[in-house]
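# Observations on the model geometry
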Amino acid sequence: MQKGSLKHPFYYGWIIVAIVFFTLLVSAAIGSVPSVLMLSLENEFGWDRSAISGAVSIRILLYGLMGPFSAALMARYGTRKIMVFAIILLIASISLTPLITQIWQFVLLWGIVVGLCTGALANVLGVSVANRWFVKHKGLVIGLLTASAATGQLLFLPLIAKITSEIGWRYSIFSVVALLALLLPVVAIWMRNHPYDVGIAPLGETELAKPVPFAGNLFLTPILALVSASKSGTFWLLAGTFFLCGFSTNGLIGTHLIPACGDFQIPIVIAAGLLSLMGLFDLVGTTMSGWLTDRFDSRWLLLWYYGLRGLSLIFLPYALGAGYTQLLIFSVFYGLDWIATVPPTAKLTSDAFGKEKAGMVFGWIVVAHQAGASLAAYGAGILRDLLGNYTVPFVVAGFLCLFASIMSLRIRRVSKAAI
C-alpha cells in the first residue's frame, strides 16, 4: 500500500461506482426537465413545440459531441476535476433559467451550456470508470451505471412534474439546483481518478500499475481516434445501430412521450409516472443486460433488444388511444429495453478497439446515438405540428429498430482489433 492511500474494508472501486451512479442519476434528472416543462413554456411564452424541441435537440447533440473530448479531458486533468467543473457550470446556468423570457435564452442555457456540461457527465464517464477500476464484473458495472439514467427518471420525473403542475415550473428548476448542490461536495471529497490513487489494482487484477499518462492534443487526439476507428466496419455498425438507439429512446420517447400524452388529455403527473415506471423496469433490464453481457454474445443480445423495442414502439400509437392499461403494458416492455443496448455495445467496442482506446471510441459511438436522438427530438416536434399527432414518428422509429436488430448480427465477433 502506497503512502497516503486510503484503507477501506472493501474494494474502493465500489465507492467510485456509487458516486458515479449518483452523478449520472442527477444528470439524467436534468436531461428530463425540458420534456416536463414543454407544455408550461408553450402556455406561458407562446413558443412553438418545434422551437422548444429545437433547443432540446441541440442539448442532445452537444451532449453526445462532448463525450470523446470529455474522455480526453478526464485523461489529462483527472476525472474528479472535470466532474466538479461541470457541476459548478450546471449550477450557474440552471440557476439563471427562471429569469428567461426569450426562446434564444432557453436555447443558450438548456441547449448549449447544459448540453456540454451533461455531456461531461454521461455514459462515457461510466464506461471510463468501469474500464479503469474493473476487470472482473466490468459488464455488470457498465450496466449498473447505464441504468442510473433510468433511475434518475424513476426518482425525479414525478417529483419535477408534481412541482411544475402545483406551484410552477420555476420551482422545479430550484429543485434541480438543490440536487446539484448536494452532489458537488460528494464528488469533490470522495471521487478518485484511478485505482493507483488509493494504492490498489483494478478489481480482477493483482498488479499495482500507474495510469498511462495522457499524450497528445486534447482536441486532436479524439479526432485521430475517430479517424482510426472509422477504418473499421465494426465501428460503423456499432455507430449505426446506436444512432437508431438514440432515435428511438431519449430523442423520441424521453422528449415527446409527455407531450404526446397531453394530446390525449392524460395529466402531466400521470405521463411522468409512465416514464418513471419505464425507469424502474429499465433499472432492472439494463443491470441484467450487463450481467448477460458478461456471459453471452453481445450481438445476439442487441438483436433481441432492438427487435423487442421496435415492436413496442409500433404498438404505442394504439396504446395512447386505448387507455391506461395498454400504456402500462407499453411502459413495462419498453422500459425493460430502454437503454439495455449500452452494455453489449460498450463490450463490443472494448473488444474491438482495446481498453486504452475504448473510452474515446465509445465516445464517438455515443455521438452517433445523440445525433439520432437529436434528429428524433426535432423531427418529431415538426411532424407533430404538421400532422397533429405523433403516430408517424413512433411507427417509423419502431421499424428502424427492427432494421437495427438485423444490423447487429453483421458486427464481426472479435477479441481485439488493431486500428
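It should be emphasised that the depicted structure is a prediction, and the values quoted were computed from it without experimental measurement.

### Some words on the nonpolar core
Ranked by internal contacts, the top residues of the largest apolar core, which has 128 residues, are Ile30, Ile94, Trp110, Trp133, Leu180 and Ile253. Of all the elements, helix α1 (residues 13-45) adds the most residues to this core, at 15 residues. When near neighbours in sequence (up to four residues on either side) are disregarded, tryptophan 133 contacts Tyr11, Tyr12, Gly13, Ile16, Arg192, Asn193, His194, Pro195, Val198, Ile200, Pro202 and Leu203.

### Points about helix α13 (residues 324-336)
It helps to recall that an α-helix has 3.6 residues per turn; residues three or four apart then point in one direction. Between its first and last C-alpha atoms α13 spans 18 Å; for 13 residues at 1.5 Å apiece the expected length is 18 Å, and the two agree. Those residues of α13 hidden inside the fold are in contact with α9 (233-248), α10 (253-263), α11 (268-293) and α12 (298-322).

### Some thoughts on the packing of aromatic side chains
Summed over the entire model, instances satisfying the criterion amount to 14 aromatic pairs. Both rings, one in tyrosine 11 and one in phenylalanine 134, keep their centres 5.7 Å apart while their planes meet at 75 degrees; by these two values the pair is edge-to-face. Of the two residues, tyrosine 11 is situated in the segment before α1 and phenylalanine 134 in the loop between α5 (123-133) and α6 (138-167); the sequence distance between them amounts to 123 residues. On the basis of relative accessibility, which here comes to 0%, the residue phenylalanine 134 falls in the buried class. With centroids separated by 5.2 Å and ring planes inclined at 25 degrees, the aromatic side chains of phenylalanine 330 and tyrosine 334 adopt a geometry described as stacked. Here the residue phenylalanine 330 and the residue tyrosine 334 both occupy positions in helix α13, the gap between them amounting to four residues, near one helical turn. For the pair phenylalanine 330 and tyrosine 334, one class covers both residues: buried. Counting every residue linked through ring pairs, the aromatic cluster contains Tyr11, Tyr12, Trp14, Trp133 and Phe134.

### What to know about the side chain of serine 289
Its location among the elements puts serine 289 in helix α11. Excluding residues within four positions of it along the chain, serine 289 makes contact with Tyr305, Ala340, Pro343 and Pro344.

### Focus on the environment of glycine 204
By the element assignment, glycine 204 lies in the loop between α7 (169-190) and α8 (220-229). Given the relative accessible area of 55%, glycine 204 is considered exposed. Separated by 70 residues in the primary sequence, glycine 204 and phenylalanine 134 have C-alpha atoms spaced 6.7 Å apart. Setting aside anything within four residues of it in sequence, one finds glycine 204 in contact with Val135 and Lys136.

### What about the pattern of salt bridges?
The full count for this structure, using the stated rule, is five salt bridges. With its nearest N and O atoms 2.7 Å apart, the salt bridge here joins arginine 384 to aspartate 263. With arginine 384 in helix α15 (residues 355-387) and aspartate 263 in helix α10, this pair connects stretches of sequence that are 121 residues apart. Salt-bridge contacts for lysine 347 lead to aspartate 351; the nearest nitrogen and oxygen are separated by 2.9 Å. With a gap of four residues between them, lysine 347 and aspartate 351 both fall in helix α14 (residues 342-353), about one helical turn apart. Given the relative accessible area of 31%, lysine 347 is considered partly exposed.

### Details of the confidence of the model for the protein chain
Detail in the predicted coordinates should be disregarded across regions flagged by low pLDDT. Mean pLDDT over the protein chain: 84, with 95% of residues reaching 70 or higher. Mean pLDDT across the secondary structure elements of the protein chain bottoms out at α6, with 78, and peaks at helix α16 (residues 391-408), with 94. Under a pLDDT of 50 for its full length, residues 1-7 has, in the predicted model, ten contacts with residues more than four places off or in other chains. In the model, residues 415-419 has pLDDT below 50 throughout and makes twelve contacts with residues more than four positions away in sequence or in other chains.

### Things to note about unusual backbone geometry
Backbone geometry follows two general trends: most residues other than glycine have a negative phi, and most peptide bonds adopt the trans configuration. A positive phi angle, near 60 degrees, is found at glutamine 265, a position not held by glycine. Residue placement: glutamine 265 occurs in the loop between α10 and α11.

### A look at the environment of serine 27
Note that serine 27 resides in helix α1. When its relative accessible area of 7% is taken as the criterion, serine 27 is described as buried.

Rules used throughout
- Residues numbered from 1 in each chain as written.
- Predicted model: local features only at pLDDT ≥ 70, side-chain atom pairs only at ≥ 80, totals over all residues.
- Heavy atoms only, no water.
- Core = buried A, V, L, I, M, F, W, Y, C linked by side-chain atoms within 4.5 Å.
- Buried < 20%, exposed > 50% of the residue type's maximum accessible area, 1.4 Å probe, protein only.
- Helix = DSSP H or I, 4+ residues; strand = E, 2+ residues; numbered from the N terminus.
- Contact = heavy atoms within 4.5 Å.
- Expected span 1.5 Å × (residues − 1).
- Phe/Tyr/Trp six-rings, centres within 6.5 Å; stacked < 30°, edge-to-face > 60°.
- Salt bridge = Lys/Arg side-chain N within 4 Å of Asp/Glu carboxyl O.
- pLDDT = per-residue confidence, 0-100.

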